[in-house]
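These are the residues of each chain, in order.
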Amino acid sequence: MLETSSTAAIGLHGLVKSYRDTPVIPGLDAELRGGEFTVILGPSGCGKSTLLNCIAGLERLSAGRITIGGREVQEEEPKNRRLAMVFQNYALYPHMTVAENIGYALKVAGVKKPERAARVAEAARIVELGDYLNRRPGQLSGGQRQRVAIARAVVREPQVLLYDEPLSNLDAKLRHDMRVELAGLHRRIGATSVFVTHDQVEAMTLADRIMVLNKGKIEQFDTPEAIYHRPASTFVAGFIGSPAMNLIDVTGEGGMLRFANGTALAAHPHQGPAILGIRPEQVVPSPEGVPAQVTYAEDLGAYAVLTLRLPDGTALRMTTALGARNALSGDLRVSLNAEALHLFDPLTGMALSGSDTHSRTKKVQHDHLPS
Ligand code: ADP
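Since this is a predicted model, take the numbers as computed values, not measurements.

Draft legend 1. Highlighting the nonpolar core. One finds Ile102, Ile150 and Tyr163 to be the most contacted residues of the largest nonpolar core, which totals 45 residues. By residue number, the principal contributor to this core is helix α4 (residues 142-154), which donates 6 residues. Domain assignment of the residues forming this core places at least three in each of domain 1 (10-233) and domain 2 (236-368). Each residue touching tyrosine 163, except ones within four places of it in the same chain, is listed here: Phe37, Leu52, Val86, Ile150, Leu182, Leu185, Ser193, Val194, Phe195 and Val196. In this structure, Leu12, Leu83, Met85 and Val160 belong to the second largest nonpolar core, which totals 28 residues.

This is the structure:
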């Protein structure tokens with residue numbers, strides 16, 4: 001059995017990384033728990049790869065400390081950090097067999113042949129390539145090649161496995177298959193894993209916890225469930241979920257949230273301006289709801305995404321199991337599921353009142369609202 005430690009937590013303490021005078025990561029503190037699968041998620045250019053490279057030792061910190069399993073590593077060479085990395089471009093040696101590719105780093109490190117063979121066999125077994133050890137990369141599918149790249153990392157018995165967008169070059173079906181495989185792999189080897197991606201589906205499906213990065217700062221670091229259902233900011237709310245959460249300017253007045261033109265939308269005790277967030281799947285057809293005009297409909301088979309215009313001109317997206325054609329042919333009235341409202345501060349974008357937003361709202365039928 002490969003010796004992976006499932007307890008090597010990664011500590012990031014006051015981590016700063018600047019290029020010349022531009023801070024890409026202006027100061028970051030986080031604890032990545034041992035044995036967990038952490039996904040670093042954010043838009044292109046937010047500093048995900050920079051952060052991963054700092055952990056790997058491929059980039060020097062401008063300030064701060066990194067600990068792995070309690071040991072300070074920021075001054076250590078990458079090879080001494082007991083970690084292994086899987087890249088997007090996982091270039092395998094075309095003239096070597098799968099076994100030789102997987103075992104190459106061990107050979108370079110002077111590991112003796114019998115031990116090497118045993119570790120290669122074990123790594124190949126873990127990625128389910130045991131029957132392919134004598135093939136060359138050209139005789140493998142894209143997914144199998146990716147698995148060789150992962151085995152090449154696993155064989156080094158790392159405490160920490162780092163992945164830099166490893167699935168980005170694969171087609172949609174293979175990405176899905178590899179997601180399932182990676183989740184299974186993580187359960188089998190238990191190494192602390194850090195996975196960088198801009199793909200929220202990968203983050204939601206793979207992560208124990210997701211670190212959402214925005215301009216080098218942590219917006220939220222929590223479970224996929226919490227990130228989806230209790231986003232800490234409009235940035236997180238808009239980044240996670242497809243189609244994205246609706247974010248609407250409202251004003252709380254007299255126990256009601258109202259559009260700019262005064263139309264009441266939902267009961268809520270908030271006073272003053274706010275941004276109301278509601279996911280498209282929480283906008284529901286309701287005979288007593290707000291009249292809505294469908295301006296665009298995308299029929300995705302299992303469900304449709306409708307873009308609606310409300311009487312005050314606000315655009316609202318909803319998903320519905322109704323066929324798009326049916327939806328287009330009728331008058332639509334919609335209401336917002338009061339259990340699923342989110343309120344954000346219009347100045348800072350931060351969530352207001354957290355989860356108790358939900359408990360304090362109750363479903364309101366439009367006909368019963370004071371106008
Ligand atoms: P991400 O992985 O989230 O797409 P990166 O970590 O690659 O983002 O880059 C974050 C920012 O740092 C970007 O603005 C990028 O241009 C900048 N950057 C990355 N590497 C360098 C470098 N070697 N020199 C200068 N700027 C860099």
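Draft legend 2. Quick look at the domain arrangement of the protein chain. In terms of domain boundaries, the protein chain breaks down into domain 1 (10-233) and domain 2 (236-368). Spacing between the C-alpha centres of domain 1 and domain 2 amounts to 38 Å. Counting residues at the interface gives 16 residues for domain 1 and 16 residues for domain 2. Between domain 1 and domain 2, roughly 1,300 Å² of surface is buried when both sides are summed, and carbon and sulfur atoms account for 67% of that area. Linking domain 1 with domain 2 are 0 salt bridges, by the criterion used here. If you look at where domain 1 meets domain 2, you find 6 residue pairs in polar contact (both at pLDDT 80 or more). The leading source of residues in the side of domain 1 that touches domain 2 is helix α7 (residues 224-229), at 3 residues. When grouped by side-chain class, the residues that make up the side of domain 1 that touches domain 2 number 8 nonpolar, 6 polar and 2 charged.

Draft legend 3. Inspection of the sheet that holds strand β16 (residues 304-309) at higher detail. Ordered in space as β17-β16-β15-β18, the 4 strands form an open sheet in which the pairing is antiparallel. Across the chains shown, the open sheet's two edge strands, defined by having one partner strand only, are β17 (315-320) and β18 (332-336). In this sheet, neighbouring strand axes are inclined to one another by 55° on average, regardless of whether the strands run parallel or antiparallel. Both β16 and β17 contribute to a ladder of 6 bridges, which runs antiparallel. Bridged to alanine 304 within β17 is threonine 320.

Draft legend 4. Up close: the confidence of the model for the protein chain. Looking at the protein chain, the pLDDT average stands at 88 and 91% of residues meet or exceed 70. Across residues 1-6, confidence stays below pLDDT 50; counting only partners more than four residues off in sequence or on other chains, it has 21 contacts. The low-confidence segment residues 354-371, where pLDDT is below 50, has 40 contacts with residues more than four positions distant or belonging to other chains.

Cut-offs applied
Residues numbered from 1 in each chain as written. Predicted model: local features only at pLDDT ≥ 70, side-chain atom pairs only at ≥ 80, totals over all residues. Heavy atoms only, no water. Core = buried A, V, L, I, M, F, W, Y, C linked by side-chain atoms within 4.5 Å. Buried < 20%, exposed > 50% of the residue type's maximum accessible area, 1.4 Å probe, protein only. Helix = DSSP H or I, 4+ residues; strand = E, 2+ residues; numbered from the N terminus. Domains from an automatic or database assignment. Contact = heavy atoms within 4.5 Å. Buried area = accessible area lost by both parts, 1.4 Å probe. Salt bridge = Lys/Arg side-chain N within 4 Å of Asp/Glu carboxyl O. Polar contact = N/O pair within 3.5 Å; in protein donor to acceptor, adjacent residues only side chain to side chain. Nonpolar A, V, L, I, M, F, W, Y, C, P; charged D, E, K, R; others polar. Pairing = 2+ DSSP bridges. Axes fitted to C-alpha atoms, helices over the stretch in contact; angles between N-to-C directions. pLDDT = per-residue confidence, 0-100.

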